[in-house]
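# Fold and geometry: a report
Given next are the chains, with one letter for each unit.
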Amino acid sequence: MNPTKIALRAEGLSKHYGEGNTFIQALQSCDFELQAGEVVALLGPSGSGKSTLLTIIGLINRPDCGSLWIGGNQVIRDGTLVGDVNRVRRQELGFVFQRSNLIPFLSAEENVRVVMELDGTSPSEARVRCREIMEDLGIADRADNAPNQLSGGQQQRVAIARALVNHPSVLLTDEPTAALDKERGRQVMGLFKKAAKQRGAAVLVVTHDHRSLDLVDRTFEIEDGLLEINETSADS
Ligand SMILES: Nc1ncnc2c1ncn2[C@@H]1O[C@H](COP(=O)(O)OP(=O)(O)O)[C@@H](O)[C@H]1O
Ligand SMILES: [Mg+2]
């Protein structure tokens, strides 16, 4: 077997909300690893803890306890953020949401470039990397269009380009295909798969969309904050 590179490791992540009557254990001691180059679907009913898990490993939300490593860097130790969390957020993590959240007054290309400029990439290199990824995703001919001049599927591709342009170790995505029809949903899942293989990113995708599950490498199921790991995809 090929040695695998671990893109993300989580140990004992737990999270509660509220207290007394409003107490909810949203995550219960979750342990898992994501390998570079794999796509994992995170499945579970509404309220089971999917978004909580995604926002904790995306360093947006803080766990009560547990530890987390992203791209070889420890970022959470015993529930506390450690190390250069801002660098890890900018360089090791990418996010794609159900709505593309593009900046309306910037062109498609500017939406992708803005994250590189924030990160200090030179304008000439930013332009080259931006063009390359937009070509990869089939939207290079729409580079100068504003978001409202693009279809929903094209907007989602711009958001994916923006998430991938910094070569993150981990791409996190919450219901990215929920607003798309079956064919577009499968295309988007196919793009994640291609990005994972070509760029060596681990992709964790929260989805209710069983129409694309044959495209993922593994599935995780969560219920009442308890994570169960299936080693093969649901439909294979
Ligand atoms: N900010 C919050 N305050 C209080 N309860 C929350 C908060 N966020 C989520 N919850 C609760 O935690 C549980 C898990 O929520 P969530 O992670 O959003 O689930 P999912 O994404 O699977 O629908 C749910 O019972 C939800 O109501
Ligand atoms: Mg959710």
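Predicted model only: the values in this text are computed from it and were never measured. (Residues numbered from 1 in each chain as written. Chains lettered and ligands numbered in written order. Predicted model: local features only at pLDDT ≥ 70, side-chain atom pairs only at ≥ 80, totals over all residues. Heavy atoms only, no water.)

What follows is about the overall build of the protein. When its secondary structure is counted, the protein shows 6 helices and 11 strands. Taken over the C-alpha trace, the protein has a radius of gyration of 18 Å; the compact-globule value for 236 residues is 18 Å, and the two agree within 12%. In the protein, buried positions account for 51% of the 236 residues. When contacts within the protein are restricted to residue pairs at least 6 apart in sequence, long-range pairs at least 24 apart make up 66% of them. Accessible surface for the protein amounts to roughly 11200 Å². Of this, 47% is attributable to carbon and sulfur atoms. Taken together, the 26 basic and 32 acidic charged side chains of the protein have centroids lying 5 Å from each other. (Helix = DSSP H or I, 4+ residues; strand = E, 2+ residues; numbered from the N terminus. Rg over C-alpha atoms; globule rule 2.2 N^0.38 Å. Buried < 20%, exposed > 50% of the residue type's maximum accessible area, 1.4 Å probe, protein only. Contact = heavy atoms within 4.5 Å. Areas by Shrake-Rupley, 256 points an atom, 1.4 Å probe, with all protein chains shown as cover. Lys, Arg positive; Asp, Glu negative; His and termini not counted. Charge placed at Lys NZ, Arg CZ, Asp CG, Glu CD.)

Val 112, Ile 133, Met 134, Ile 160 and Phe 192 are the most contacted members of the largest nonpolar core, which has 37 residues in total. Of all the secondary structure elements, the ones that give two or more residues to this core are strand 3 (39-43), helix 3 (108-118), helix 4 (123-136), helix 5 (152-164), helix 6 (182-199) and strand 9 (202-206). Here this core spans two domains, and each of domain 1 (1-92 + 168-236) and domain 2 (102-167) adds at least three residues to it. Apart from residues lying up to four places away in sequence, Phe 192 is in contact with Val 39, Val 96, Ile 160, Leu 171, Thr 173, Pro 176 and Val 203. (Core = buried A, V, L, I, M, F, W, Y, C linked by side-chain atoms within 4.5 Å. Domains from an automatic or database assignment.)

Quick look at unusual backbone geometry now. With the exception of glycine, most residues fall at negative phi, and the peptide bonds are largely trans. The phi torsion at Ser 29 lies on the positive side, around 40°, for a residue other than glycine. With respect to the secondary-structure elements, Ser 29 resides in strand 2 (residues 24-35). Although it is not a glycine, His 167 adopts a positive phi angle of roughly 50°. Residue His 167 is classed as partly exposed on the basis of its relative accessible area, which comes to 44%.

Our next topic: the domain arrangement of the protein. Partitioning the protein into structural domains gives domain 1 (1-92 + 168-236) and domain 2 (102-167). Using C-alpha coordinates to define each centre, domain 1 is positioned 24 Å away from domain 2. Contact with domain 1, which involves 16 residues of that partner, is made by 12 residues of domain 2. With both sides pooled, the region where domain 1 packs onto domain 2 buries about 1400 Å², and carbon together with sulfur makes up 56% of that total. It is Pro 168, Leu 191 and Arg 199 in domain 1 that bury the most area against domain 2; as a group they hold 43% of the surface buried on that side. There are 0 salt bridges connecting domain 1 and domain 2. At the surface where domain 1 touches domain 2, the tally comes to 6 residue pairs in polar contact (both at pLDDT 80 or more). Among the elements of the structure, helix 2 (85-91) and helix 6 are those that each provide at least two residues to the side of domain 1 that touches domain 2. It is helix 6 that provides the largest number of residues to the side of domain 1 that touches domain 2, a total of 9 residues. When the residues that make up the side of domain 1 that touches domain 2 are grouped by side-chain class, the tally is 8 nonpolar, 4 polar and 4 charged. (Buried area = accessible area lost by both parts, 1.4 Å probe. Salt bridge = Lys/Arg side-chain N within 4 Å of Asp/Glu carboxyl O. Polar contact = N/O pair within 3.5 Å; in protein donor to acceptor, adjacent residues only side chain to side chain. Nonpolar A, V, L, I, M, F, W, Y, C, P; charged D, E, K, R; others polar.)

Next up on the list: the state of the cysteines. Under the counting rule described, the total for this entry stands at 0 disulfides. The thiol sulfur of Cys 65 is not disulfide-bonded, and the nearest other cysteine sulfur, from Cys 30, lies at 10 Å. (Disulfide = S-S within 2.5 Å.)

Time to look at the sheet that holds strand 3. Sheet architecture is open: 6 strands sit in the order 7-8-9-3-10-11, paired in mixed fashion. The open sheet has two edge strands with one neighbour each: strand 7 (93-96) and strand 11 (226-230). Ignoring strand direction, the axes of neighbouring strands in this sheet form an average angle of 20°. Summarising the sheet, strand 10 (residues 218-223) and strand 11 pair through 5 bridges and their orientation is antiparallel. In the sheet register, Glu 221 faces strand 11, and the bridge partner there is Glu 228. (Pairing = 2+ DSSP bridges. Axes fitted to C-alpha atoms, helices over the stretch in contact; angles between N-to-C directions.)

A word on the sheet that holds strand 1 (residues 6-17). Read across the open sheet, the 5 strands follow the order 2-1-4-5-6; overall the sheet is antiparallel. The open sheet has two free edges, formed respectively by strand 2 and strand 6 (80-81), since each of these has just one partner strand. Sheet strands in contact with helix 1 (residues 50-57) are strand 1, strand 2, strand 4 (65-70) and strand 5 (73-77), and its direction is about 125° off that of strand 1.

Right, let's get into the site of ligand 1. Around ligand 1 sit Tyr 17, Ile 24, Ala 26, Pro 45, Ser 46, Gly 47, Ser 48, Gly 49, Lys 50, Ser 51 and Thr 52, and that is every residue in its neighbourhood. Separating an oxygen atom of ligand 1 from a side-chain N or O atom of Thr 52 is a distance of 2.6 Å. For ligand 1, whose unbound accessible area comes to 560 Å², protein coverage reaches 59%. A total of 3 residues in the shell around ligand 1 trace back to one element, the largest contributor, which is helix 1. Here the shell around ligand 1 is composed, by residue class, of 4 nonpolar, 6 polar and 1 charged. (Near = heavy atom within 4 Å.)

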